Amino acid sequence: MGRPRTPLLNRELIRDTALRLIDADGLAALSMRRLAQELGVQAASLYSHYPTKDDVLDAVANLLTADVDTSGFAGGDWRAGLLIWGRAYHAALSAHPNAVPVVASGTGRRERFLAMADAVHGGLVGAGWPPRYATMIAGSVKYLVIGATSTPFGSGFADDVQVYLDRYPNLTQAHRLAEQAERIDTDSFELGLEALVRGLEDVYAAVGRQR
């Protein structure tokens, strides 16, 4: 038989399958052997596309950050830039919570991830922030996004009122949080992001006076 017109494997298929496995079973379940089994091939077949598991994870991180919107910085408004970027970043990771640790590990040599970081840093510096502050601001938004997408708040409370009665008088309504967990998590992230941007106004003014 002749060779198939399209290869059985390609980098995108391997990457997308890895993300699907992470979504389903968590990061710890991903291995090159498990990935190969899912694709119906031998593990050795993967190595010509991705030499190591870390290379696969880099591709996953690039995929998750590729379409995060940094266009808000284009007009020179750092406030709009941070809000648009922060919300888009949050939405991208919220769709794949099991993969958040992959992104949390940092940019490394991840091209798409670095492109996002470059756009954010350039937008902040272009709007008048010193490079040192631009770095800290980008870090602050990342901390907020990673925390919000990896440690949900509302769903962590038991829905049994008896847990809180008598011993925890300030938490007698906490049993209701679980049913509203998604809304609480979204609203909490929005509150944090907007508060951060508002708080930076005074810092921006002080930086301007120093200059």
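The name given to the protein in an unreviewed UniProt entry is TetR/AcrR family transcriptional regulator, with Nocardioides mesophilus as the source organism.

Chemist: Go over helix α7 (residues 131-150) with me, naming the residues and quoting the values.
Modeler: The end-to-end C-alpha distance of α7 is 28 Å, a good match for the 28 Å that 20 residues give at a rise of 1.5 Å each. Those residues of α7 that fall on the buried side of the exposure criterion are Ala134, Ile137, Gly139, Val141, Val145, Ile146 and Thr149.

Chemist: Requested: an account of the UniProt feature "DNA-binding region" (unreviewed entry) in the protein, with residues and values cited.
Modeler: Following the UniProt record, one finds the feature "DNA-binding region" (unreviewed entry) at residues 31-50. Across residues 31-50, the secondary structure splits into 40% helix and 0% strand, with the terminal C-alpha atoms separated by 12 Å.

Chemist: For the environment of Arg132, give the residues involved together with the corresponding values.
Modeler: Along the polypeptide, Arg132 turns up in helix α7. Taking the C-alpha atoms as reference points, Arg132 and Thr17, separated by 115 residues in sequence, lie 39 Å from one another.

Chemist: A description of the side chain of His90 should follow, citing residues and the corresponding values.
Modeler: Tracing the backbone through its elements, the reader meets His90 in helix α4 (residues 78-94). His90 sits in the buried class, given a relative accessible area of 12%. The residues contacting His90, other than those within four sequence positions of it, are Val145, Ala148, Thr149 and Phe189.

Chemist: Residue-level account of helix α3 (residues 53-66), with values.
Modeler: Compared with the 20 Å implied by 1.5 Å per residue over 14 residues, the 20 Å span of α3 between its first and last C-alpha is a close match. Against the buried residues of α3 lie α1 (11-25), α2 (32-39), α4, α5 (100-104) and α6 (111-126). Capping the start of α3, Thr52 holds a side-chain oxygen 3.3 Å from the backbone nitrogen of Asp54, two or three residues further along.

Conventions adopted
- Residues numbered from 1 in each chain as written.
- Predicted model: local features only at pLDDT ≥ 70, side-chain atom pairs only at ≥ 80, totals over all residues.
- Heavy atoms only, no water.
- Helix = DSSP H or I, 4+ residues; strand = E, 2+ residues; numbered from the N terminus.
- Expected span 1.5 Å × (residues − 1).
- Buried < 20%, exposed > 50% of the residue type's maximum accessible area, 1.4 Å probe, protein only.
- UniProt positions renumbered as here; feature names shortened; annotations may be inferred.
- Contact = heavy atoms within 4.5 Å.
- Polar contact = N/O pair within 3.5 Å; in protein donor to acceptor, adjacent residues only side chain to side chain.

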